[in-house]
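Residues per chain are reported as follows:
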Amino acid sequence: MAVERTLSIIKPDATSRNLTGAINARLEQEGLRIVAQKRLRLTKAQAEEFYGVHRDKAFFDSFCEHMTSAPVVVQVLVGENAVAENRRIMGATNPANAEIGTIRRDFGQSVEHNAVHGSDSPENAEIEIGFFFGRMEIVG
């Protein structure tokens with residue numbers, strides 16, 4: 001097993017309901033370490049750039065609007081197979097389809113308001129981490 005880094009975003013629907021601590025506790029209880037973290041409010045341009053892969057999809061505009069509606073918490077997680085582990089802990093994109101005990105099942109409200117984002121591959125994790133963090137900001 002490989003130690004990896006992955007990006008996690010606690011989305012506006014979760015930060016506005018004060019769920020940051022509960023979500024971080026889940027991540028840590030499952031063995032992932034938070035080695036960088038900051039709260040920020042994405043601009044429309046930042047959201048559009050970060051989620052640019054979805055630009056041609058019908059939900060793109062409303063999703064970017066949601067991601068800029070309140071602060072997000074961006075963080076770097078480290079652990080054994082961190083990308084896959086974080087995705088398991090998050091659960092399916094649609095909270096209604098997520099397994100009981102996952103973050104999205106317990107805290108998500110809809111497909112778009114599903115509490116968290118996580119990188120989908122180690123390669124994308126490095127790109128996404130670089131979008132939000134400089135090397136000196138990651139401790140561990």
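Conventions we followed
Residues numbered from 1 in each chain as written. Predicted model: local features only at pLDDT ≥ 70, side-chain atom pairs only at ≥ 80, totals over all residues. Heavy atoms only, no water. Helix = DSSP H or I, 4+ residues; strand = E, 2+ residues; numbered from the N terminus. Rg over C-alpha atoms; globule rule 2.2 N^0.38 Å. Buried < 20%, exposed > 50% of the residue type's maximum accessible area, 1.4 Å probe, protein only. Arc of directions from axis to C-beta. Contact = heavy atoms within 4.5 Å. 1 Å grid on protein atoms, 1.4 Å probe; cavity = no way out; pocket = protein on both sides within 12 Å on 5 of 7 lines; lining within 4 Å. Points joined across faces, edges and corners; volume = space filled by probe spheres on them. Nonpolar A, V, L, I, M, F, W, Y, C, P; charged D, E, K, R; others polar. Pairing = 2+ DSSP bridges. Axes fitted to C-alpha atoms, helices over the stretch in contact; angles between N-to-C directions.

Caption draft 1: Representation of the overall build of the protein in the model. When you go through the protein residue by residue, the secondary structure sums to seven helices and four strands. From first element to last, N terminus to C terminus, the protein shows the α and β order β-α-α-β-α-α-β-α-α-β-α. On C-alpha atoms alone, the protein measures out to a radius of gyration of 14 Å, which is about the 14 Å that the 2.2 N^0.38 rule sets for 140 residues. By principal-axis analysis of the C-alpha atoms, the protein measures approximately 40 × 35 × 25 Å. In the protein, which comprises 140 residues, the share counted as buried stands at 46%.

Caption draft 2: Geometry of helix 7 (residues 122-132). Taken together, the buried positions of helix 7 are Ala125, Glu128, Ile129 and Phe132. Projected down its long axis, helix 7 shows its buried positions confined to an angular sector of 100°, all on one face. For helix 7, the exposed residues lying more than 90 degrees away from the buried face are Glu123 and Ile127. Packed against the buried residues of helix 7 are strand 1 (3-10), strand 2 (33-40), helix 3 (44-50), strand 3 (72-80), helix 5 (82-90) and strand 4 (116-118).

Caption draft 3: Spotlight on the layout of surface pockets. Estimated volume of the largest pocket: approximately 620 Å³. Lining the largest pocket are 21 residues; nearest its centre among them are Tyr51, Val53, His54, His117 and Glu128. Among the elements of the structure, helix 3, strand 4 and helix 7 are those that each provide at least two residues to the lining of the largest pocket. When residues of the lining of the largest pocket are assigned to their parent elements, the largest contribution, four residues, is made by helix 7. Classifying every residue of the lining of the largest pocket gives eight nonpolar, six polar and seven charged.

Caption draft 4: Here's a closer look at unusual backbone geometry. Of note in this structure, Asn81 is not a glycine but carries a positive phi near 45°. At Ala115, a residue that is not glycine, the phi angle is positive and equals roughly 80°. Mapping Ala115 onto the fold places it in the loop between helix 6 (103-107) and strand 4.

Caption draft 5: Representation of the sheet that holds strand 2. Pairing in this open sheet of four strands is antiparallel, and the strands run 2-3-1-4 from one edge to the other. Edge positions in the open sheet fall to strand 2 and strand 4, since each of these has one partner strand only. The mean inter-strand angle of the sheet, taken between neighbouring strand axes irrespective of direction, is 20°. The sheet strands contacting helix 5 are strand 1, strand 3 and strand 4, and the helix crosses strand 1 at an angle near 35°.

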